[in-house]
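Structure at a glance
Spelled out from the first residue to the last, the chains are:
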Amino acid sequence: MWYLYILRCGDGSLYTGITTDVEKRLEAHRSGKGAKYTRGRGPLELVYSEACGDHSAALRREIEIKALSREEKLKLIPKPEA
């Protein structure tokens, strides 16, 4: 199973990626071994993930999400419970 995920970086920016293991990929980002974009932008918080099925479906979904505006991406992220 492949997953799409969105991270909120320490500077408030959002990073979108795909993986087969969200927790392992998050740890890679946090340790500086993930995407170049996330290095030095910690702390990193996983704010959204969704199952996509196979690799092709995940890639298609990643392209869809990356085409969204920041406001549209933020609408996908669940609000924290008070």
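Here's what I pulled together on the structure shown here. (Residues numbered from 1 in each chain as written. Predicted model: local features only at pLDDT ≥ 70, side-chain atom pairs only at ≥ 80, totals over all residues. Heavy atoms only, no water.)

1. Details of the nonpolar core
Here is the rule: Residues enter a nonpolar core if they are buried and are Ala, Val, Leu, Ile, Met, Phe, Trp, Tyr or Cys, with the set joined through side-chain atoms within 4.5 Å. For each residue, the accessible area found with a 1.4 Å probe, counting protein chains only, is set against the maximum for its type, and the residue is called buried under 20%, exposed over 50%, and partly exposed in between. Counting from the N terminus, the helices are DSSP H or I runs at least four residues long and the strands are E runs at least two residues long.
If you look at the biggest cluster of nonpolar residues, it comprises 11 residues: L4, I6, L14, I18, V47, Y48, C52, A57, A58, I65 and I77. Those elements that place two or more of their residues in this core are β1 (2-8), β2 (14-19), β3 (45-53) and α2 (55-66). Of all hydrophobic cores here, the second largest spans 8 residues; its members include L7, Y15, L26 and L44.

2. What to know about the state of the cysteines
Put simply, the rule reads: Disulfides are defined as pairs of cysteine sulfur atoms found within 2.5 Å of each other.
Within the structure shown, the criterion is met by 0 disulfides. No disulfide involves C9; its sulfur sits 19 Å from the nearest other cysteine sulfur, which is in C52. C52 gets classed as buried once you look at its relative accessible area, which sits at 16%.

3. Quick word on the sheet that holds β1
This is how the line gets drawn: Strand pairing is assigned whenever DSSP detects at least two bridges linking the two strands. A fitted line through C-alpha atoms serves as each axis, taken over the contacting stretch for helices, and the angle formed by two N-to-C directions is quoted from 0 to 180°. Two residues qualify as a contact provided that any one of their heavy atoms is within 4.5 Å of a heavy atom in the partner residue.
Reading across from one edge, β2-β1-β3 is the order of the 3 strands in this open sheet, with antiparallel pairing throughout. Of all strands in the sheet, those with a lone pairing partner are β2 and β3, marking the two edges. Neighbour to neighbour, the strand axes of the sheet diverge by 20° on average, direction disregarded. Both β1 and β2 contribute to a ladder of 6 bridges, which runs antiparallel. Paired with L7 across the bridge in β2 is Y15. The strands that helix α1 (residues 22-30) touches are β1, β2 and β3; relative to β1, the one it contacts most, it runs at about 40°. Against the sheet, α2 contacts β1, β2 and β3, and its axis sits at roughly 170° relative to β2.

4. Re the side chain of T19
Definition in use: Under this definition, polar contacts are N or O atom pairs within 3.5 Å; protein pairs additionally need one hydrogen-donor-capable and one acceptor-capable atom, and for neighbouring residues in sequence, both atoms have to be side-chain atoms.
Within the secondary structure layout, T19 lies in strand β2. Within the structure, the side chain of T19 is placed 3.2 Å from the backbone nitrogen of D21, a separation counted as a polar contact. Not counting chain neighbours up to four residues away, the residues in contact with T19 comprise M1, W2, Y3, Y5 and R25.

5. Section: the pattern of salt bridges
To keep it simple, the criterion reads: Criterion for a salt bridge: a side-chain nitrogen of Lys or Arg within 4 Å of a carboxyl oxygen of Asp or Glu.
As enumerated under the stated definition, the model contains 6 salt bridges in all. Residues R61 and E64 are paired through a salt bridge, measuring 2.9 Å at the closest nitrogen-oxygen approach. Residue R61 and its partner E64 are located together in helix α2, separated by 3 residues, close to a single helical turn. Judged by relative accessible area, R61 falls into the partly exposed class, the value being 22%. By relative accessible area, which is 46% here, E64 ends up partly exposed. For E62, the salt bridge identified is with K66, shortest N-O distance 3.2 Å. Here E62 and its partner K66 are both found in helix α2, 4 residues apart, which amounts to about one turn of the helix. A cluster of three or more residues bridged by salt bridges with shared partners is formed by E50, R61 and E64.

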